[in-house]
There are 2 protein chains.
Amino acid sequence: MYHALYNHIDRFTNLSIEEHELLATLVQPASYKKKAYLLEAGQTCRANYFVVKGCLRLYFIDIKGAEQTTQFAIENWWISDLTSFLSQRPSDFYIQAAEQTEVIIIEQRHYDELFLKLPKLEKYFRMIFQKLHQASQIRIKYLYSQTAEERYINFNKLFPEFVQRVPQYMLASYLGFTPEFLSKIRAKK
Amino acid sequence: MYHALYNHIDRFTNLSIEEHELLATLVQPASYKKKAYLLEAGQTCRANYFVVKGCLRLYFIDIKGAEQTTQFAIENWWISDLTSFLSQRPSDFYIQAAEQTEVIIIEQRHYDELFLKLPKLEKYFRMIFQKLHQASQIRIKYLYSQTAEERYINFNKLFPEFVQRVPQYMLASYLGFTPEFLSKIRAKK
DNA sequence: TTTTTTTCTTAAACTAGATTAAGTTTTTTG
DNA sequence: CAAAAAACTTAATCTAGTTTAAGAAAAAAA
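Summarised in this report is the structure supplied together with it. (Residues numbered from 1 in each chain as written. Chains lettered and ligands numbered in written order. Predicted model: local features only at pLDDT ≥ 70, side-chain atom pairs only at ≥ 80, totals over all residues. Heavy atoms only, no water.)

Taken together, 18 residues form the shell around DNA strand C, and within it Gln168(A), Ser183(A), Lys64(B), Ala148(B) and Thr178(B) come nearest. For DNA strand C, the fraction of atoms within 4 Å of the protein that belong to sugar or phosphate moieties is 74%. A distance of 3.2 Å is found between a phosphate oxygen of DNA strand C and a side-chain nitrogen or oxygen belonging to Tyr169(A). With respect to DNA strand C, the side chain of Lys34(B) contributes an N or O atom lying 3.2 Å from a phosphate oxygen. Broken down by secondary-structure element, the contributors of at least two residues to the surface near DNA strand C are helix 8 (168–175) and helix 9 (179–188) of chain A together with helix 9 (179–188) of chain B. The dominant element in the surface near DNA strand C, judged by the number of residues it contributes, is helix 9 of chain A, at four residues. The residue makeup of the surface near DNA strand C, split by class, is six nonpolar, five polar and seven charged. (Near = heavy atom within 4 Å. Polar contact = N/O pair within 3.5 Å; in protein donor to acceptor, adjacent residues only side chain to side chain. Helix = DSSP H or I, 4+ residues; strand = E, 2+ residues; numbered from the N terminus. Nonpolar A, V, L, I, M, F, W, Y, C, P; charged D, E, K, R; others polar.)

In structure tokens form, the structure reads like this:
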């Protein structure tokens, strides 16, 4: 049931069978079809989501009405609007399935309990957030040093398989430009 | 000696006197005068820095030779080039004191040991990286939804004291525009 | 397989912000 | 305090990327 998560946790710390069983009482599986919403703006973000299979995206709608994708999560990544999740206040974001997606959910009401009952998960989530922060540092560097075209070429080189998985307009906003400009870049080559 | 750090850790977890003493053997204090470098591009980032007093900034030099400030750290924040720190490979970044600054240093050779000897710090750093990730989510949202002028006005509203502490050209690059454009914005009002 | 919806493309007009360059003000240092 | 260095301003010119709008292609649904 939670195999994918157990395996991922075991990369960083080792849980016993009993601990696996205890963890199973605090999480739950869920399945979403393409375009389904796990969170909508105005709602409070109830959970932190671990992607077992598929792809989720976090986005908001800007003043001009355009969707701005700020994060993707594929297999073995966590995603949430942390500010809403931690404070339990309404979110400005949407979390949507970019593909048919299976997740493991930790609800906010179990989040503190999780660490009390399974202190080993402190290390696991320390590593998860450490990686997320590292990814942010790298992303900010790219945003501040590369042109739109360079970011697209670079992203394509680094994640060629991923680029095939999502529509170009999602990718364009994630990389910080318009879909029309992405078409222009692609037409050049 | 390490009072500021002990207090900060105690916001999230409680260390005993013995644990404080053990921690003291794994960290060290240091003091840097304005403009001193804690890290220079080409060097490997040796430590994670906790700011007791003052202000550090993380920046790199782009292709055009301009400094791009990607992060600031003031009192009670941690700063490092995580990628270089964790992999112990050369960095593209500089870490520089923006003011006379006092820090507490965790060197990489003590980083794993720290968590082995003081497992309570897993929770502390889980919270630290959680906060850093939360800050990144907010920052990316601002970068993707606001104009340069809006980002400046907003940042000024949120951190009016901080704006006074650093030269405008550092702030301009942190907010993602040129110092000349910042002058233009300021002239308007 | 036809229809509908979603995604992608093209091109002309436009603009937020960059660049360049010179001068001014403020801060630091000897 | 004088001189040098660092930080800030102004303004003209320029450009990377946006906007608008319409049509084409691909994917999903019926």
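Packed helix pairs are specified by the crossing angle of their axes together with the interaxial distance, meaning the distance between the axes. Relative orientation of the contacting elements helix 5 (residues 120–145) of chain B and helix 6 (residues 148–158) of chain B amounts to 145 degrees, with a least axis distance of 9 Å. For the pair formed by helix 5 of chain B and helix 6 of chain B, the contact residues are Tyr142(B), Leu143(B) and Ser145(B) on the first element and Glu150(B), Arg151(B), Asn154(B) and Leu158(B) on the second. (Axes fitted to C-alpha atoms, helices over the stretch in contact; angles between N-to-C directions. Contact = heavy atoms within 4.5 Å.)

Moving on to the pattern of salt bridges. Taken as a whole and judged by the stated rule, the model has 20 salt bridges over all chains. Each of Glu75(A), Glu99(A) and Arg165(A) takes part in salt bridges that share partners, so that together they form one network. (Salt bridge = Lys/Arg side-chain N within 4 Å of Asp/Glu carboxyl O.)

Residues and elements named next belong to chain A. Where helix 1 (residues 3–10) is concerned, the buried positions are Leu5, Tyr6, His8 and Ile9. For helix 1, the angular spread of the buried residues around the axis is 165 degrees, confining them to a single face. Summarising the contacts, the buried residues of helix 1 are in contact with helix 2 (17–24), strand 3 (47–53), strand 6 (78–79), strand 8 (101–107) and helix 5 (120–145). (Buried < 20%, exposed > 50% of the residue type's maximum accessible area, 1.4 Å probe, protein only. Arc of directions from axis to C-beta.)

Turning our eyes to something else, we now look at the sheet that holds strand 4 (residues 56–61) of chain B. Pairing is antiparallel across the open sheet formed by four strands, whose spatial order is 2-7-4-5 (chain B). Both edges of this open sheet fall to strand 2 (37–39) and strand 5 (67–73) of chain B, since each of them pairs with a single strand only. For this sheet the average axis-to-axis angle between neighbouring strands, irrespective of direction, equals 30 degrees. Relative to strand 7 (residues 93–97) of chain B, strand 4 of chain B runs antiparallel, the two sharing five bridges. Counterpart to Phe60(B) in the pairing with strand 7 of chain B is Phe93(B). Of the strands in this sheet, strand 4, strand 5 and strand 7 of chain B are in contact with helix 5 of chain A, which crosses strand 5 of chain B at around 150 degrees. (Pairing = 2+ DSSP bridges.)

Across the boundary between the two partners, chain A contributes 39 residues, which contact 39 residues of chain B. Between chain A and chain B, roughly 3400 Å² of surface is buried when both sides are summed, and carbon and sulfur atoms account for 61% of that area. Taken together, the connections running from chain A to chain B amount to six salt bridges. Arg126(B) is paired through a salt bridge with Glu122(A); the nearest N and O atoms lie 2.8 Å apart. Taken together, chain A and chain B are joined by 20 residue pairs in polar contact (both at pLDDT 80 or more). When contributions to the side of chain A that touches chain B are tallied by element, the ones reaching two or more residues are strand 4 (56–61), strand 5 (67–73), helix 3 (82–87), helix 4 (108–117), helix 5 and helix 8 of chain A. In terms of residue class, the side of chain A that touches chain B is built from 17 nonpolar, 14 polar and eight charged. (Buried area = accessible area lost by both parts, 1.4 Å probe.)

Superposition of chain A onto chain B requires a rotation of 180 degrees combined with a translation of 0.0 Å along the rotation axis, giving an RMSD of 0.0 Å. Taken together, the rotation and translation describe the operation of a two-fold axis. Relative to the rotation axis, the C-alpha of Arg126(A) is the closest in chain A, positioned 2.0 Å from it. (Least-squares fit on C-alpha atoms with pLDDT ≥ 70 in both.)

Right, let's get into helix 4 of chain A. Along helix 4 of chain A, the positions that sit buried rather than exposed are His110(A), Tyr111(A), Leu114(A) and Phe115(A). All buried residues of helix 4 of chain A project into a common sector of 135 degrees when viewed along the axis, lining one side. In helix 4 of chain A, the exposed positions that point more than 90 degrees away from the buried face belong to Arg109(A), Asp112(A) and Leu116(A). Buried residues along helix 4 of chain A sit against helix 2, strand 3, helix 3, strand 8 and helix 5 of chain A together with helix 5 of chain B.

To continue, consider the packing of helix 6 (residues 148–158) of chain A against helix 9 of chain A. All names here are of chain A. Between helix 6 and helix 9, the shortest axis-to-axis distance is 10 Å and the interhelical angle comes to 70 degrees. Judged by the angle between their axes, helix 6 and helix 9 are roughly perpendicular. Once helix 6 is placed against helix 9, the crossing between them reads as right-handed. Residues Ala148, Glu149 and Tyr152 of helix 6 form the contact with helix 9, whose own contacting residues are Phe181, Leu182, Ile185, Arg186 and Lys188. Counted by class, the contact of helix 6 with helix 9 contains five nonpolar, no polar and three charged residues. (Parallel < 35°, antiparallel > 145°, perpendicular 65-115°, else oblique. Left-handed = near helix turned anticlockwise from the far one by under 90°.)

On their own, these measurements won't tell you what the molecule is for.
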